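Fold and contact review
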Amino acid sequence: MVSASSAEPAYLPSSVQGAVKILVTGPFGVGKTTLVGALSEIDPLRTEETMTSVGEGVDDVTGRPHKATTTVALDFGRITLSSRLALYLFGTPGQQRFWPLWEDLSRGALGAIALVDSRRLEESFDVLGLLEEQRIPFAVAVNVFPDTPAYPEAELRTALDLLPGVPILTCDVRDEDAAHRLLIDFVDHLRVGALELS
Amino acid sequence: MSRGPVRPYVITGGRSLAGRDALEFESLLRTVPGVAVDPMVVNREQLAVLEMCRELLSVAEVAAHLGLPISVLKVLVDDLWELGAIQVLPPARPAERAPLALIEEVLVGLRQLR
Ligand SMILES: Nc1nc2c(ncn2[C@@H]2O[C@H](COP(=O)(O)OP(=O)(O)OP(=O)(O)O)[C@@H](O)[C@H]2O)c(=O)[nH]1
Ligand SMILES: [Mg+2]
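First things first, this report covers the structure right here in the doc.

Reading guide: rules and limits
Just so you know, the residues in each chain are numbered from 1, in the order the chain's sequence is written. Here the convention is simple: chains get letters from A, ligands get numbers from 1, in the order in which they are written. Side-chain atom pairs in this predicted model are given and counted only at pLDDT of 80 or more, local residue features only at pLDDT of at least 70, and totals for whole chains, interfaces and linings cover all residues. Note: side-chain values were computed over all heavy atoms of the structure, leaving out hydrogens and water. Whether two residues are in contact is decided by their heavy atoms: any pair within 4.5 Å suffices. Accessible surface is computed with a 1.4 Å probe, and the buried area is the amount of it that two parts give up when combined, taken over both parts together. Take a side-chain nitrogen of Lys or Arg and a carboxyl oxygen of Asp or Glu: if they are within 4 Å of each other, that pair is a salt bridge. Polar contact is defined as a pair of N or O atoms within 3.5 Å, subject to the rule that within protein one atom must be able to donate a hydrogen and the other to accept it, and that residues adjacent in sequence are counted only when both atoms are side-chain atoms. Here a residue is near a molecule or strand as soon as one of its heavy atoms is found within 4 Å of it. Computed by Shrake-Rupley with a 1.4 Å probe, the accessible areas treat only the displayed protein chains as cover when residues are assessed. The axes used here are C-alpha line fits, helices contributing only the stretch in contact, and every angle between their N-to-C directions lies in the interval 0 to 180 degrees. Here a strand is any run of E in DSSP of at least two residues, a helix any run of H or I of at least four, and the numbering for each starts at the N terminus. Any angle that falls under 35 degrees is termed roughly parallel, while one over 145 is termed roughly antiparallel, one within 65 to 115 roughly perpendicular, and all others oblique. Residue polarity follows a fixed list, in which Ala, Val, Leu, Ile, Met, Phe, Trp, Tyr, Cys and Pro are nonpolar, Asp, Glu, Lys and Arg are charged, and the others, Gly among them, are polar. Only residues above 30% relative accessible area that lack a salt bridge enter a patch, with like-charged residues linked at up to 9 Å and the nonpolar side chains Val, Leu, Ile, Met, Phe, Trp and Tyr linked at up to 5 Å. Under the scheme applied here, a residue whose accessible area is under 20% of the maximum for its type counts as buried, over 50% as exposed, and between as partly exposed, the area being computed with a 1.4 Å probe on protein chains only.

Take the interface of chain B and chain A next. The partner chain A presents 54 residues to the 45 residues of chain B that form the contact. Taking both sides of the interface into account, the surface hidden between chain B and chain A amounts to around 4,400 Å²; carbon and sulfur atoms contribute 64%. For the chain B face of the interface with chain A, the top three residues by lost area are B:Phe25, B:His65 and B:Arg114, together amounting to 15%. Counting across the chain B and chain A interface gives five salt bridges. Linking A:Arg107 and B:Glu24 is a salt bridge whose minimum nitrogen-to-oxygen distance equals 2.7 Å. The tally of links between chain B and chain A comes to 14 residue pairs in polar contact (both at pLDDT 80 or more).

Residues and elements named next belong to chain A. Around ligand 1, a shell composed of 14 residues is seen, among which Gly 31, Lys 32, Thr 33, Thr 34 and Asn 143 lie nearest. Note that an oxygen atom of ligand 1 is positioned 3.0 Å from one of the backbone N or O atoms of Gly 29. At 2.7 Å, a side-chain N or O of Asn 143 approaches an oxygen atom of ligand 1. When the free accessible area of ligand 1 is taken as 650 Å², the share hidden by the protein chains comes to 67%.

Helix-helix packing is characterised by the crossing angle of the two axes and by the distance between the axes. All names here are of chain B. Where helix H3 (residues 59–66) meets helix H4 (residues 70–82), the axes come as close as 9 Å, and the angle between the chain directions of the two elements is 110°. By the angle class used here, H3 and H4 are roughly perpendicular. Mapping the contact onto sequence places Val 59, Ala 60, Val 62 and Ala 63 in H3 and Ile 70, Leu 73 and Lys 74 in H4. Class assignment of the residues belonging to the contact of H3 with H4 gives a composition of six nonpolar, no polar and one charged.

Let us now look at a nonpolar patch on the surface. Residue and element names in this part refer to chain B. Nonpolar side chains collect at one region of the surface, where Met 40, Val 41 and Leu 83 lie side by side and expose about 340 Å² of accessible area between them. Here Met 40 shows up in the loop between strand E1 (28–31) and helix H2 (44–52). The class for Met 40 is exposed, based on a relative accessible area of 75%.

Below, the structure is given as structure tokens:
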């Protein structure tokens with residue numbers, strides 16, 4: 001369990017009437033925590049959630065399916081959007097073993113930013129499949145590392161097998177301005193999607 | 001405030017599920033101003049929740065600050081809500097749809113930030 005933080009919490013203005021959330025997801029080490037930190041107005045917070053899941057395979061000793069208790073660290077940040085509305089950003093691990101947590105996390109989410117490291121695209125296949133399956137509106141954001149090869153967008157789209165409506169954005173998630181532009185582009189994509197539905 | 005790890009089972013009185021489904025990670029909490037709770041009916045974690053929520057914070061933030069899993073916090077808050085001690089502001093978005101007006105409000109807010 002995480003230790004209690006000693007700092008005084010940063011309260012929301014009392015005029016705020018509700019909050020929305022957006023997920024930041026992707027494979028291990030892709031930059032989720034870094035992006036949440038670049039966007040958040042508060043020091044990012046972390047909470048741990050225990051999750052019981054039936055693991056893969058069978059226990060050698062008992063012959064029963066593995067039941068594993070995994071601890072998932074969720075880090076999240078916050079942006080006060082106006083006097084009435086706040087936005088929470090949840091860094092959400094994309095590996096398959098964390099999927100039991102997705103039901104709670106994705107309920108009510110406006111959408112998800114799926115961070116991709118183009119040096120290891122295959123690690124993103126699981127989470128992209130999950131987002132499609134659960135019909136969570138999402139965009140792909142390629143996190144640019146120093147030695148990231150510059151793939152043409154069409155090549156990335158084919159390699160990731162993306163539906164035509166899914167945008168591919170690019171960002172150095174360590175850069176606060178770039179992260180902010182990424183978030184605006186993403187929400188604008190959500191707006192276009194909602195317009196089409198309305 | 002420092003405390004050792006607490007077993008979720010103990011502090012939720014043996015229950016592991018919230019009585020209702022309404023609490024989300026981004027639900028906002030505020031202690032009802034001036035509320036007096038009987039210290040015999042709440043535990044020390046719940047008192048800590050009431051103390052922390054004297055102003056507005058999300059379920060996720062309160063969990064992080066108190067070092068509790070979100071699922072545990074939800075159970076504690078549920079009881080406090082039943083006692084009339086805490087106010088819950090549900091997420092701005094109804095679970096099943098993403099109204100255009102809300103997305104536009106988010107966009108306007110983000111564009112005003114810098
Ligand atoms: N060069 C470079 N390094 C980055 C970038 N983004 C993240 N990093 C580094 O990559 C490492 C992993 O980043 P995190 O933000 O912790 O990634 P994460 O997705 O939260 O990782 P997990 O939570 O462990 O799955 C950290 O050491 C970051 O400093 C980037 O855009 N460029
Ligand atoms: Mg992380």
